[in-house]
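The primary structure of each chain is shown beneath.
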Amino acid sequence: MLDAITNRSTAADPSRSTALPSGGTGFAAAFRSVLAVHDEPATGGTTRHERKIATDDADRVRLDEAVAAFKKELSLTPAQRVRRDVLKTMDLTEEAIEALPPKERVEAEQKVAMEVARRMKIMQGGGATQASLTSLPD
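This text gives an overview of the structure that appears in the document. Nothing here was measured: the structure is a model prediction, and the numbers come from that model. Residue positions are counted from 1 within each chain, in the order its sequence is given. With pLDDT at 70 or above as the cut-off, local features in this predicted model cover only qualifying residues; side-chain atom pairs require 80 or more to be listed or tallied, and sums for whole chains, interfaces and linings still use all residues. For the side-chain quantities, the full set of heavy atoms in the structure was used; hydrogens and water were omitted.

**A word on the nonpolar core**
Part 1: Nine residue types can take part in a nonpolar core, namely buried Ala, Val, Leu, Ile, Met, Phe, Trp, Tyr and Cys, and a core is a set of them joined through side-chain atoms within 4.5 Å. Remark: exposure states derive from per-residue accessible area (1.4 Å probe, protein chains only) relative to the maximum for the residue type, with buried under 20%, exposed over 50%, and partly exposed in between. By size, the foremost hydrophobic cluster in this structure holds seven residues: V82, V86, L87, I97, V112, V116 and M120.
Part 2: Runs of H or I in DSSP of at least four residues are treated as helices and runs of E of at least two as strands, each being numbered from the N terminus. Put simply, the parts of the chain that give this core at least two residues each are helix 5 (78-89) and helix 7 (102-123).
Part 3: Only heavy atoms matter for contacts: two residues are in contact if any of them lie within 4.5 Å across the pair. Excluding its chain neighbours within four sequence positions, the residues that come into contact with M120 are P78, A79 and V82.

Here you go:
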């Protein structure tokens, strides 16, 4: 019974080898192909270790970009964040406003400033006015 579990039985009977069959189909062939992909260098001469390093480098670059974006976001004041959000909802950018003719630029800046002020007031808890409260149904 113990011989059936261990490899000692193969030493006694060489026909009972634990080696994978050399050809064929099925699990053994699939397993062998997986081993070959992971153990041998890929096309282009890169090994699995080199691919892992490249992946790690790409992950590090993405992480650095995310950290930089997070730091930039933290450096903005609440008013700057609100202005950015207002511009986004109006489908505008700072560059687009600067490119407008002077009269249109003033109008756009006024609209943006009014919306920023409104949103800042709401954020500070002043969004509900007495007039809006009295108009609510009973």
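**Brief notes about the environment of A108**
Part 1: Tracing the sequence through the fold places A108 in helix 7.
Part 2: Sequence separation between A108 and I97 is eleven residues; the distance between their C-alpha atoms is 7.2 Å.

**A short note on the pattern of salt bridges**
Part 1: Here a salt bridge means any side-chain nitrogen of Lys or Arg lying within 4 Å of a carboxyl oxygen belonging to Asp or Glu. Using the criterion set out here, one finds nine salt bridges in the structure.
Part 2: E115 is the salt-bridge partner of R118, the closest N and O atoms lying 2.6 Å from each other. Taken as a pair, R118 and E115 lie in helix 7 at a separation of three residues, close to a single helical turn.
Part 3: A single salt-bridge network, built from bridges that share partners, covers E73, R81, R84 and D85.

**Let's talk about the packing of helix 5 against helix 7**
In a pair of packed helices, the angle between the axes and the distance between the axes together describe the arrangement.
Part 1: Between helix 5 and helix 7, the least distance of the axes is 9 Å, while the angle of their chain directions is 125°. Classified by the angle between their axes, helix 5 and helix 7 sit oblique to one another. The handedness of the crossing between helix 5 and helix 7 comes out as right-handed. Contact residues: helix 5 offers P78, A79, V82, R83, D85, V86, L87 and T89, while helix 7 offers E109, V112, E115, V116, R119, M120 and M123.
Part 2: Counted by class, the contact of helix 5 with helix 7 contains nine nonpolar, one polar and five charged residues. In this analysis, axes come from line fits to C-alpha atoms, helices being fitted only over the stretch in contact, and the angle between any two N-to-C directions falls in the range 0 to 180 degrees. Comment on the angle field: the value is read as roughly parallel under 35 degrees, roughly antiparallel over 145, roughly perpendicular from 65 to 115, and oblique elsewhere. Two helices cross in a left-handed way if the nearer one is turned anticlockwise from the farther one by less than a right angle. They cross in a right-handed way if the turn is clockwise. The residue classification treats Ala, Val, Leu, Ile, Met, Phe, Trp, Tyr, Cys and Pro as nonpolar and Asp, Glu, Lys and Arg as charged. All others, Gly included, are polar.

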